Amino acid sequence: MKCDADVLVIGGGQAALRSAIEARELGASVIIVTKGKAGGGGSSVISDGVHSAIFSQGDSPESFYEDMMRGGKGINDSCLVRILAEECTVRVKELSEKFGIETYNEKVVATPGHSYPRRCYADNGTGKTVTLKMREYAEQIGITCIENTWIVDLIRNDRIEGAIGIHDHDWVQIFAGSTILATGGIGGLYEQSDNPIDVSGEGIGIAWRHGAFLQDMEFIQFYPYRLIEPINIDLFTKIFAKGAKMLNAAGERFMEAFPRKEMETRDVLCYEMYKQGLVYLDLGEVNPTELNASSPKLAGLMKKGYKGPLRIEPERSRQIDPDENLVRSGSSDRRNDQVQGPERQLSGPERRHQVRHGHGASAFYARSVSDGVGKYRAR
Ligand SMILES: Cc1cc2nc3c(=O)[nH]c(=O)nc-3n(C[C@H](O)[C@H](O)[C@H](O)COP(=O)(O)OP(=O)(O)OC[C@H]3O[C@@H](n4cnc5c(N)ncnc54)[C@H](O)[C@@H]3O)c2cc1C
């Protein structure tokens, strides 16, 4: 199969969809090509479709900016962080105004690293609530989606002219004036990850082969709130704001000395958990109604009188999910002097193409997807 468009977007998650929509609305013909389904990828499995925005009294873009820079240990790209802090609220509003996705604001609990409550979530389960609506919109405005197609490389002569892939055992060639890589993180490379299988870092390899500068690839983020005994489930962070504690084998609350206790940023918490060896969950001070709202499965178990250990396995949680569960690194155009042109057009929270990357040393809860729907990135 051969086809062409002004803009080719590789990937089917939020970053890809938003980039494609922006290009189409600027008048370009656009093809999305994705290994999985358009509206799938890591963006589709997020619980509640969580984003960040400024809506709390006293909060401001400046405060969000400072939180992100502090959380990222100051090595974030301050320019990208500034844009995100200033633009996220408009973009989250756009989810409802443009795409018809209803969102709700968490008014009480500030999630780890945030000084104010900023969590906005789409009702009803996972990130699919957001991505499927975006996909619907994309198709309505005339974007072509080619699915189940694995892009293996870019077509390059003097410049990037599109991409080549495999669909149903046949080669596919897609020619385009501009090519955007929005292929997500690298979770699929890990034995244990909460990323879908189609998110496996190939876009990063492709970018690298064509001269992109890969930055901070060592920054892999792990999800620390994974219960493994007596049941294997992800706990919601909020439960730790409602009285849940983490204890070590000696029964000590090892996060006691930290200002935000178990609500510290994930990099800090994971490291402390790792040092303990064994980590247990203490629900003694959690109100059963809160527990039920946060984790009905666990609440059901406790209601039945479960008295055994509630174990969070640090070693295991270290292995789960490299994508905020996230890879906070990216491709950069620092080698613009060496490589020019459309191969610089990398997109998504994982692709910090413009200068450096916005996450720095710690990706904040609920900011990656706000990043992904950012119009600045799409442009
Ligand atoms: C369980 C979970 C919960 C999360 N919760 C949150 C949260 O609450 N808040 C938050 O901000 N972030 C969260 N994240 C992180 C967030 O999901 C990601 O940062 C975001 O979805 C990345 O979006 P993306 O569009 O860049 O990539 P993705 O959504 O991962 O999309 C990548 C796309 O690229 C395609 N692709 C990959 N390789 C190829 C190839 N070779 N050829 C063709 N297509 C290819 C895939 O099929 C996929 O469609 C969570 C992640 C997970 C896994």
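Residues numbered from 1 in each chain as written. Predicted model: local features only at pLDDT ≥ 70, side-chain atom pairs only at ≥ 80, totals over all residues.

Some points on the overall build of the protein chain
Working step 1: Scanning the protein chain from terminus to terminus reveals 12 helices and 18 strands.
Working step 2: Here the protein chain, with 379 residues, has 51% of them falling under the buried criterion. (Helix = DSSP H or I, 4+ residues; strand = E, 2+ residues; numbered from the N terminus. Buried ≥ 20, exposed ≤ 12 C-beta atoms within 10 Å, placed from the backbone.)

Description of the pairing of strand β5 (residues 119–122)
Working step 1: Burial along β5 is two-sided: the residues Arg119 and Tyr121 and Cys120 and Ala122 are all buried.
Working step 2: Both strand β3 (residues 51–52) and β5 contribute to a ladder of two bridges, which runs antiparallel. Counterpart to serine 52 in the pairing with β5 is arginine 119.
Working step 3: Judged from the three bridges that link them, strand β4 (residues 103–105) and β5 form a sheet pairing that is antiparallel. What sits directly across from tyrosine 104, in β5, is tyrosine 121. (Pairing = 2+ DSSP bridges.)

Side note on the pairing of strand β12 (residues 226–229)
Remember that side chains alternate between the two faces of the sheet whenever the strand is regular.
Working step 1: As paired elements, β12 and strand β13 (residues 233–234) share two bridges and run antiparallel to each other. Looking at the pairing, leucine 227 lines up with isoleucine 233 of β13.
Working step 2: Counted along the chain from β12 to the antiparallel partner β13, the turn is three residues long.
Working step 3: Pairing analysis gives two bridges linking β12 to strand β16 (residues 311–312), with the strands arranged antiparallel. The partner of leucine 227 across the bridge, within β16, is isoleucine 312.

Section: the sheet that holds β3
Within a sheet, neighbouring strands are paired by backbone hydrogen bonds and run either parallel or antiparallel to one another.
Working step 1: One open sheet accounts for three strands, arranged β3-β5-β4; its pairing is antiparallel. In this open sheet, the two edge strands, each paired with only one partner strand, are β3 and β4.
Working step 2: Helix α3 (residues 78–97) rests against β3, β4 and β5 of the sheet, and its axis sits at about 135° to β4. (Contact = placed C-beta atoms within 7 Å. Axes fitted to C-alpha atoms, helices over the stretch in contact; angles between N-to-C directions.)

Quick notes on the sheet that holds strand β14 (residues 245–247)
Working step 1: Pairing is antiparallel across the open sheet formed by five strands, whose spatial order is β13-β12-β16-β15-β14. If you trace the sheet from one side to the other, it starts and ends with β13 and β14, each paired once.

Some remarks on unusual backbone geometry
Working step 1: Residues glutamate 229 and proline 230 are joined by a peptide bond in cis, for which omega reads 10°.
Working step 2: Position of proline 230 among the secondary structure elements: in the loop between β12 and β13.
Working step 3: If you check the backbone angles, aspartate 168 has positive phi at about 50° while not being a glycine.
Working step 4: Along the chain, aspartate 168 falls in the loop between β8 (160–167) and β9 (170–181).
Working step 5: Backbone geometry at aspartate 216 places phi at a positive 55°, although glycine is not the residue there.

With respect to the nonpolar core
Within soluble globular proteins, side chains that are nonpolar generally end up buried alongside one another.
Working step 1: By size, the foremost hydrophobic cluster in this structure holds 54 residues, and its most contacted members are Val7, Leu8, Val9, Ile10, Ala20, Val30 and Ile32.
Working step 2: At eight residues, the largest contribution of residues to this core is made by α3.
Working step 3: One finds Met255, Met263, Met273 and Val279 within the second-largest nonpolar core, a separate group that totals 16 residues. (Core = buried A, V, L, I, M, F, W, Y, C linked by C-beta atoms within 7 Å.)

Examining helix α1 (residues 14–25)
Working step 1: Taking 1.5 Å of rise per residue, 12 residues should cover 16 Å, and α1 covers 16 Å from first to last C-alpha, within 8% of that figure.
Working step 2: Counting buried residues in α1 gives 11 out of 12 residues, a clear majority hidden from the surface.
Working step 3: Taken residue by residue, α1 has Gln14, Ala15, Ala16, Leu17, Arg18, Ser19, Ala20, Ile21, Glu22, Ala23 and Arg24 as its buried positions.
Working step 4: Just downstream of α1 lies glycine 27, where phi reads positive at about 105°. (Expected span 1.5 Å × (residues − 1).)

Things to note about the packing of α1 against helix α4 (residues 128–140)
Working step 1: Axis separation between α1 and α4 bottoms out at 10 Å; the angle between their running directions is 25°. Accordingly, the angle class assigned to the pair α1 and α4 is roughly parallel. Of the two elements, α1 crosses α4, and the hand of that crossing is left-handed. Touching Gln14, Leu17, Ala20 and Ile21 of α1 are Val130, Thr131, Met134, Arg135, Tyr137 and Ala138, all from α4.
Working step 2: When its residues are assigned to classes, the contact of α1 with α4 shows seven nonpolar, two polar and one charged. (Parallel < 35°, antiparallel > 145°, perpendicular 65-115°, else oblique. Left-handed = near helix turned anticlockwise from the far one by under 90°. Nonpolar A, V, L, I, M, F, W, Y, C, P; charged D, E, K, R; others polar.)

So, the environment of methionine 68
Working step 1: Topologically, methionine 68 is positioned in helix α2 (residues 61–71).
Working step 2: The exposure class of methionine 68 is buried, given the 26 C-beta atoms found within 10 Å.
Working step 3: Placed 46 residues apart in sequence, methionine 68 and histidine 114 show a C-alpha to C-alpha distance of 8.0 Å.

Let's talk about the confidence of the model for the protein chain
Working step 1: When pLDDT is averaged across the protein chain, the result is 83; 82% of the residues are at 70 or more.
Working step 2: Averaged pLDDT values over the elements of the protein chain bottom out at 46 in helix α10 (residues 314–319) and peak at 98 in strand β2 (residues 30–33).
Working step 3: Within the model, pLDDT remains below 50 along residues 316–325, and this stretch shows 47 contacts once partners closer than five positions in the same chain are excluded.
Working step 4: Here residues 332–356 scores under 50 on pLDDT; set against residues more than four positions off or in separate chains, the count is 77 contacts. (pLDDT = per-residue confidence, 0-100.)

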